[in-house]
Amino acid sequence: MHTIEPIGTIHTPYKEKFAIPRQPNLAPDVITELHLIGEANNEASVRELEQFSHLWLLFLFDQNIEAGWKPTVRPPRLGGNKRVGVFASRSTFRPNAIGMSAVELKSVEIKGGNVVVKLGNVDLVHGTPIIDIKPYIPYSDAIADARAGYAEQSPQTKPVVFRPQALDVLQKSPDSEYRQLALQQILSQDPRPAYKQKQSDNKSYTVQLFDWDVSFEAIEERIEVTTIKPLA
Ligand code: SAM
């Protein structure tokens with residue numbers, strides 16, 4: 001039996017699973033860092049990596065391992081009420097709990113002797129264990145005429161507006177433009193459960209992003225960020 005050891009840990013603004021984009025490429029400007037660990041944390045292991053603009057990340061859905069898996073799942077793309085086989089889905093509840101994401105490589109840096117890989121387009125909760133990295137190779141990996149069944153279209157987005165308290169906190173934060181753009185891209189996905197996506201529900205939701213509790217409501221066809229507070 002072979003034991004898999006993580007080769008790194010991901011550092012993202014997503015402090016909980018709720019509101020993380022459901023695939024990479026949906027919040028393209030959110031920057032994350034992969035910190036290599038153990039024997040993989042070696043400058044030699046990333047030699048020439050920067051030749052590639054995109055990478056495959058393989059990782060563990062570590063927050064779901066204990067919950068196990070079932071042969072069928074209900075993908076949010078089908079409104080959360082129709083079942084398909086787990087292998088016909090990108091569900092996080094799966095045998096071996098292994099996930100994969102194609103992400104953008106922004107830079108490879110050595111900080112205090114440690115390898116830090118800066119990435120865009122990551123759909124992972126902070127602290128997710130990464131088990132491998134591979135270069136994305138377009139001539140082989142990009143298949144222009146591939147069929148994607150129920151996931152053919154990219155998900156629809158909603159406009160995001162900020163109420164005065166939220167805007168004030170954003171504008172006072174050190175990297176305000178970046179954070180506002182990041183919140184816009186993340187929340188435009190409407191993170192509420194799939195069956196609610198077509199309706200206002202007069203309910204306030206709070207999500208941990210960066211070092212904040214960000215509260216929002218879905219009103220008609222838009223998302224309103226009501227307050228931004230330091231993490232409780
Ligand atoms: N692109 C990957 C794939 O297809 O294997 C992941 C897709 S999965 C549907 C993306 C969701 O996984 C995110 O929206 C988040 O809710 C969840 N997630 C992210 N990191 C996780 C982790 N470490 N453990 C469990 N769930 C996680």
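Cut-offs applied
- Residues numbered from 1 in each chain as written.
- Predicted model: local features only at pLDDT ≥ 70, side-chain atom pairs only at ≥ 80, totals over all residues.
- Heavy atoms only, no water.
- Axes fitted to C-alpha atoms, helices over the stretch in contact; angles between N-to-C directions.
- Helix = DSSP H or I, 4+ residues; strand = E, 2+ residues; numbered from the N terminus.
- Parallel < 35°, antiparallel > 145°, perpendicular 65-115°, else oblique.
- Contact = heavy atoms within 4.5 Å.
- Domains from an automatic or database assignment.
- Buried area = accessible area lost by both parts, 1.4 Å probe.
- Pairing = 2+ DSSP bridges.
- Phe/Tyr/Trp six-rings, centres within 6.5 Å; stacked < 30°, edge-to-face > 60°.
- Buried < 20%, exposed > 50% of the residue type's maximum accessible area, 1.4 Å probe, protein only.
- Lys NZ or Arg CZ within 6 Å of the ring centre and 35° of its normal.
- Core = buried A, V, L, I, M, F, W, Y, C linked by side-chain atoms within 4.5 Å.

Student: Is there a simple way to explain the packing of helix α2 (residues 164–172) against helix α3 (residues 176–187) in this structure?
Tutor: In a packed pair of helices, the relevant descriptors are the angle between the two axes and the axis-to-axis distance. At a closest axis distance of 7 Å, the pairing of α2 and α3 adopts a crossing angle of 135°. Between α2 and α3, the interaxial angle falls into the category oblique. Residues L167, L170 and Q171 of α2 pack against S176, R179, Q180 and L183 of α3.

Student: Could you clarify how one ought to interpret the domain arrangement of the protein in this entry?
Tutor: For interface size, the figure often reported is the accessible area lost on association. Segmentation of the protein into domains returns domain 1 (8–141) and domain 2 (160–230). With centres defined by C-alpha atoms, the gap from domain 1 to domain 2 works out at 23 Å. In this complex, domain 1 contributes 16 residues to the contact, which on the side of domain 2 involves 19 residues. Here domain 1 packs against domain 2, burying approximately 1500 Å² in sum over the two surfaces, 60% of which is carbon and sulfur.

Student: Just checking my understanding: could you explain the sheet that holds strand β2 (residues 31–36) for this structure?
Tutor: Within a beta sheet, neighbouring strands are joined by backbone hydrogen bonds and run either parallel or antiparallel to one another. One closed barrel accounts for six strands, arranged β1-β2-β7-β6-β3-β8; its pairing is antiparallel. Between one strand and the next, the sheet's axes are offset by a mean angle of 45°, whatever the strand orientation. Looking at chain direction, strand β1 (residues 8–11) and strand β8 (residues 129–135) are connected through two bridges and run antiparallel. By the bridge assignment, T9 is partnered in β8 with P129.

Student: Quick question: what am I supposed to make of the sheet that holds strand β9 (residues 160–162) here?
Tutor: Read from one edge to the other, the open sheet built from four strands follows the order β9-β12-β11-β10, with strand pairing classed as mixed. Of all the strands in the sheet, the pair left with one neighbour each is β9 and β10 (205–209). On average, each strand axis in the sheet is inclined to that of its neighbour by 35°, with strand direction left out of account. Of the strand pairs in this sheet, strand β11 (residues 212–219) and strand β12 (residues 222–230) are connected by eight bridges, and their pairing is antiparallel. Bridged to A218 within β12 is I223. Running at roughly 55° to β12, α2 makes contact with β9, β11 and β12 of the sheet.

Student: Whenever I open this one, the packing of aromatic side chains confuses me. Can you help?
Tutor: Here a ring pair, both rings aromatic, is described through the centre-centre distance and the interplanar angle of the planes. As enumerated under the stated definition, the model contains seven aromatic pairs in all. For the ring pair F59 and F61, a centre distance of 5.1 Å and an interplane angle of 85° mean the geometry is edge-to-face. Residue class for F59 comes out buried when judged on its relative accessible area of 2%. Taking relative accessible area as the criterion, F61 reaches 18% and is therefore assigned buried. Summarising the aromatic geometry, the rings of Y205 and F216 are spaced 5.6 Å apart at their centres and angled 20° between planes, so their arrangement reads as stacked. One end of the pair, Y205, is in strand β10; the other, F216, is in strand β11, with eleven residues separating them in the sequence. Of the two residues, Y205 and F216, neither departs from the other in class, the shared state being buried. Joined through ring pairs, the aromatic side chains of F18, Y205 and F216 make up one cluster. One residue, R179, lies across the ring of W212, its end atom 4.6 Å from the ring centre.

Student: Sorry, what's going on with the nonpolar core here?
Tutor: One recurring pattern in soluble globular proteins: nonpolar side chains tend to sit buried together. Core analysis: the largest hydrophobic core is formed by 25 residues, its most contacted members being L183, L187, L209, V214, V225 and I228. Going through the elements one at a time, β9, α2, α3, β10, β11 and β12 are the ones with two or more residues in this core. Three or more residues apiece are contributed to this core by two domains, here domain 1 (8–141) and domain 2 (160–230). Apart from the residues lying within four places of it in its own chain, the contact partners of I228 are Q165, A166, V169, L170, L183, W212, D213 and V214. Counting 21 residues, the second largest nonpolar core, distinct from the first, contains L49, V108, V117 and V122.

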